[in-house]
Amino acid sequence: MKTLIASLLLMAGLFGAGQARAAIDVYTFDNDAQEQTFRELTKELRCPKCQNQDIADSNAGLAKDLRDKTYQMVRDGKNKEEVVDYMVARYGNFILYDPPLMASTLILWLGPLLVIVIGAVTVVVRSRRRSPAAVQAESALSEQEQARLAALLKEEEKQ
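Throughout what follows, the structure given in this document is the object of discussion. (Residues numbered from 1 in each chain as written. Predicted model: local features only at pLDDT ≥ 70, side-chain atom pairs only at ≥ 80, totals over all residues. Heavy atoms only, no water.)

1. Brief notes about the pattern of salt bridges
Part 1 of the argument: Tallied over the full model, the rule gives seven salt bridges.
Part 2 of the argument: One salt bridge in this structure joins arginine 75 and aspartate 30, with 3.3 Å as the shortest N-O distance. Of this pair, arginine 75 sits in helix H3 (residues 61-75) while aspartate 30 sits in the loop between helix H1 (2-22) and helix H2 (32-44), and the two are 45 residues apart along the sequence.
Part 3 of the argument: Classification of aspartate 30 by relative accessible area gives exposed; the value is 55%.
Part 4 of the argument: Measuring nitrogen to oxygen at the nearest pair gives 3.1 Å for the salt bridge that ties glutamate 35 to arginine 39. Placement of both glutamate 35 and arginine 39 in helix H2 is noted, with a separation of four residues, approximately one turn of the helix.
Part 5 of the argument: When its relative accessible area of 30% is taken as the criterion, glutamate 35 is described as partly exposed.
Part 6 of the argument: For arginine 39, a relative accessible area of 44% corresponds to the partly exposed category.
Part 7 of the argument: Put simply, Glu40, Glu44 and Lys80 are held in one network by salt bridges that share partners. (Salt bridge = Lys/Arg side-chain N within 4 Å of Asp/Glu carboxyl O. Helix = DSSP H or I, 4+ residues; strand = E, 2+ residues; numbered from the N terminus. Buried < 20%, exposed > 50% of the residue type's maximum accessible area, 1.4 Å probe, protein only.)

2. Focus on the nonpolar core
Part 1 of the argument: Ranked by size, the top nonpolar core spans 18 residues in total, and within it Phe29, Leu45, Ile55, Val83, Met87 and Ile95 carry the most contacts.
Part 2 of the argument: Per-element tally for this core: the top contributor is H3, with five residues.
Part 3 of the argument: Ignoring anything within four residues of it in the chain, the contact list for leucine 45 reads Gln53, Asp54, Ile55, Thr70, Met87, Ile95, Leu96 and Tyr97. (Core = buried A, V, L, I, M, F, W, Y, C linked by side-chain atoms within 4.5 Å. Contact = heavy atoms within 4.5 Å.)

No statement about biological role is implied by the geometric values presented.
Structure follows, in structure tokens:
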């Protein structure tokens, strides 16, 4: 029984090791410039499925397809801008970690700042404005003050 369990564990380990080796992509390039361009592109392009990983670090199938397409385009002699333009045309500006400032992305860039400014203005305006109840409470006389006022008015009438 122990031998059977040991054999199963050994087979599972060998199968898992084969899977780990299969996930590593090996790309060969004609020169170092192509390899450098490929590495830069895979770090700059975001995986559309993972959303917070570049295609170099993602294990998603889509990221592998994007790495393969990037590799193919770099090997075909395309420069960095051509590859980025192709990816943006296909997947939109979302594929870039640093999307360009355009009318369509303006709200993404200015939205957080706008929320902070509106919040600060609201706090300042509300803190400067006194509520009607507070104004009335300050202007209303207490019973002692009313009695004293009545006494002063009576003395004024007698004179």
